[in-house]
Amino acid sequence: MHHAGLHERDRKTVEELFVNCKIQVLIATSTLAWGVNFPAHLVVVKGTEYYDGKSRRYVDYPITDVLQMMGRAGRPQFDDQGKAVILVHDIKKDFYKKFLYEPFPVESSLLTVLSDHLNAEISAGTISSKQDAMDYITWTYFFRRLVMNPSYYSLEDISHESINKYLSNLVERSLRDLECSYCIEIKEDDQTIEPLTYGRISSYYYLKHQTIRTFKERLRAELPIHELLSVLSDAEEYAELPVRHNEDQLNSQLAQQLPLQVNPHSYDSAHTKTHLLLQAHFSHAQLPCSDYNTDTKTVLDNSIRICQAMLDVAANEGWLVTAISICNLVQMIVQGRWLHDSSLLTLPHIEQQDLYLFRKWANKKERPIEGLPELIAACNGKEGVFAAIVGQEFQSSQIAQAWSFLSHLPVLEVEMSVKGWWEESQEETERPLPAAGANPKAESRWLDVHADQEYVLQVSLRRINLGQQRRKQDSKAQAPRFPKAKDEGWFLVLGEVDRRELLAVKRVAYVRHRTAVSVAFFTPEKTGKCIYTLYLMSDSYLGLDQQYDIHLNVTPASISAQVNSEVSDSVTQLSLKGKTDRKSR
C-alpha cells in the first residue's frame, strides 16, 4: 500500500519495489495520485466518491483528480497505450464516457473567493470604487466563462442588462461581506471604497475575511492561552480540514486524552478536530491513525501566519497581555510543548521523568536549574558539564544530540538607548539607558523625557554564544516537531504594564552577530514617573524570553522639542521618498 501516513523510508521502499516489478499490484489513496510519479500498465479507479465530513455525505471526486489518476496508465518505454478502468454507478456511466471522449470545459472558481480577491485589490489601491470592482471582474477568466456558459453560474441570459445586473449584485454582495468583516469602509456616496486596517492584515497574510471577522469579534484585551487556542482553531482556513467517515468517534476518543475540553456535540467539525490536533501536538499524545499525522502537518503549516495576523490585530487594539500570549502560542506551536511545561523538555530525549537530574545537580551546586537559561549558564559552553548532569540516564549519542541543541540556542545581550529631542539640546541626541542590574531606587536610573512626544527606543541585540554558531547560511530554528524549516526570529514588544497597554511591536529577523532595532513610541501626556517594559520574545523557543523595565521621568511638554521632532520626521520621510523615486527611475 502507498499512502500519506507511510514513513519516508517505507514509501521509498514501496516505490522502488513497484518500479522494479517486484510488486505487481500497488494500492494507493486518491490524494497520492498527484504525488506518485511512476506509471503503470493498468490503472483501476475503484470508485469516484469519497466521504466529506463537512457536508456529512459521499461526494464525487473532482474531475481533475480522476483525470490525474487515469494519467498514470501507460508506460512510455514499454507500452504504446495505457489502460484505465473506472468503476462507477450505472447512472454516472454516461457522464464519465462523455467526459473521457469529449473535451471538458474548464470553469472558473473565482465566485467562492471573490470577496478575498477584491479585498486584496482594495488594500493594494487597485480598486477604490464599486465601478473599479466591476471593471476588475470584466478582466477575469470568470467573466469569459460567464458569457460562454451562463447557466453554470446561474445567469439566465447574456443580454447586456442581465450581465450588468448580475455583476452589480455580485459586487454589492461581496463588498457587503467585506464591510461586515471590518475589512473596508464604503463612503457616504455609496461608491467610494477605502481599505481598513483589518482588510490590510487579511490581505497581507492571505487570510479569508471571515477569519479576520472572527479575530475582531472574539479577541479581547486579556485572553489566556486556552481561549486563544480556541480562536485559532476556529479560523476559516481550517474549515476544509477533512473529517473522514467515522472520525467523529476517533475525535471523541482522542479528546479523552487531552487537557482542554471541547464541545462534545461537535466531534464531526473540522474546527474541533483542529483544536484536538493542536492539543495533541503540545501534549505529545498518540494519534489514532496515520491520517491524523498528515492532518497535523496541514494544521501546523497554516498556524504561524494565522497567529501573526492575530498579533497584528492585538497590536492594533493596543492589547499588551493578549499580544504576549500570542507570542507564547507561537513558541508552543513551533516547539510542540505547553507553555507551563519546563523549557528543559524541549531538549531532545529529555522527558518529564528526567527533570530530577537537573534538580539534583542544583542541590549540589546550590544554583537552581529550572529552565534553559539556567542550564546554559551552568554549562557555560562546556559539554562536559552537561554530560555530568545527565550522563547517568542517557547514552553518549543522546547526550551529543541534546548538547548540539542546547549549544546552538540563541543567547542575546541587550543594550538600549533613547533617541529624540530635549528642550536643552539644539540637536537630536541619544541617551543610554542604565544596565539591567542597576539599582532601581537610584535617581540616575530615571530618564527625563518630555510629555506627549515621540521618541525612538534604540535596541542593540548581540549574540554572545558565537563560538557555538552553525554554518553561516543556516539561520533555521531547531524545531524537530515543526513540519517545515523555520527561520529563527524575535518579537520586540513595548508596553506599559500598569495600564495593560501595548505601545509598539517589532519583528526582528535572525540575529547572527549584532542587530540594531528602532522602536518608536510616545510618552504619556501626564507628567510624573512611569515605567515602560520591553519584552524580547523568541518566535521559536520556549523559555528564552527577556524583559527590561525602562524608567521614565515625564517632564512638562516642550513646544520646541515637539516641533524639532516633527520637522526631523518630515525630513526623514522626504529623504526616504527621494531614495524611492531615484530607485524607480
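This one's a predicted model, so the numbers in the text were calculated from it and none came from an experiment. (Residues numbered from 1 in each chain as written. Predicted model: local features only at pLDDT ≥ 70, side-chain atom pairs only at ≥ 80, totals over all residues. Heavy atoms only, no water.)

**Q** Hey, could you run me through unusual backbone geometry in this one?
**A** A negative phi angle is the norm for most residues apart from glycine, just as the trans form is the norm for most peptide bonds. In the Ramachandran plot, aspartate 190 falls in the positive-phi region, its phi being about 65° despite a non-glycine side chain. Tracing the sequence through the fold places aspartate 190 in the loop between strand E5 (184-186) and strand E6 (193-195). The partly exposed category is assigned to aspartate 190, whose relative accessible area is 41%. At aspartate 452, a position not held by glycine, the phi torsion is positive, near 50°. Its location among the elements puts aspartate 452 in the loop between strand E9 (447-450) and strand E10 (454-463). (Helix = DSSP H or I, 4+ residues; strand = E, 2+ residues; numbered from the N terminus. Buried < 20%, exposed > 50% of the residue type's maximum accessible area, 1.4 Å probe, protein only.)

**Q** Looking at this model, I keep getting lost on helix H17 (residues 383-390). Mind explaining?
**A** Since the α-helix turns once every 3.6 residues, residues separated by three or four places project in the same direction. When H17 is considered as a whole, its buried residues turn out to be Val385, Phe386, Ile389 and Val390. Each buried residue of H17 sits inside an arc of 120° when the element is viewed along its axis, so together they form one side. (Arc of directions from axis to C-beta.)

**Q** Hey, could you run me through the sheet that holds strand E7 (residues 412-420) in this one?
**A** Strand pairing within a sheet occurs via backbone hydrogen bonds; the two strands may be parallel or antiparallel. Overall, antiparallel pairing links the four strands, which are arranged E8-E7-E10-E13 in an open sheet. In this open sheet, the two edge strands, each paired with only one partner strand, are strand E8 (429-432) and strand E13 (514-522). On average, adjacent strands in this sheet sit at an angle of 30° to one another, irrespective of strand direction. One ladder, built from four bridges, connects E7 with E8; its direction is antiparallel. Across the sheet, serine 417 pairs through a bridge with proline 432, a residue of E8. (Pairing = 2+ DSSP bridges. Axes fitted to C-alpha atoms, helices over the stretch in contact; angles between N-to-C directions.)

**Q** What's the story with the side chain of asparagine 119 in this structure? I'm lost.
**A** Mapping asparagine 119 onto the fold places it in helix H4 (residues 114-124). Note on asparagine 119: relative accessible area 1%, which makes it buried. Residues in contact with asparagine 119, not counting those within four places in the same chain, are Leu178, Cys183, Ile184, Gly199, Ser202 and Ser203. (Contact = heavy atoms within 4.5 Å.)

**Q** Just checking my understanding: could you explain the confidence of the model for the protein chain for this structure?
**A** Any segment with low pLDDT has predicted coordinates that should not be analysed in fine detail. This prediction gives the protein chain a mean pLDDT of 87; 89% of its residues lie at or above 70. Here residues 576-585 is a poorly scored stretch, pLDDT under 50, and it has zero contacts once near neighbours within four places are set aside; other chains count. (pLDDT = per-residue confidence, 0-100.)

**Q** Mind showing me how you'd approach the sheet that holds strand E11 (residues 490-496) here?
**A** Ordered in space as E9-E15-E14-E11-E12, the five strands form an open sheet in which the pairing is mixed. Among the strands making up the open sheet, the edge pair consists of E9 and strand E12 (501-508). Neighbour-to-neighbour, the strand axes of this sheet turn through a mean angle of 30°, independent of strand direction. In the packing of helix H13 (residues 290-317) onto the sheet, contacts are made with E11 and E12, and the angle to E12 comes to roughly 145°. Lying over the sheet, helix H14 (residues 320-335) contacts E11, E12 and strand E14 (528-538), oriented at roughly 15° with respect to E14.

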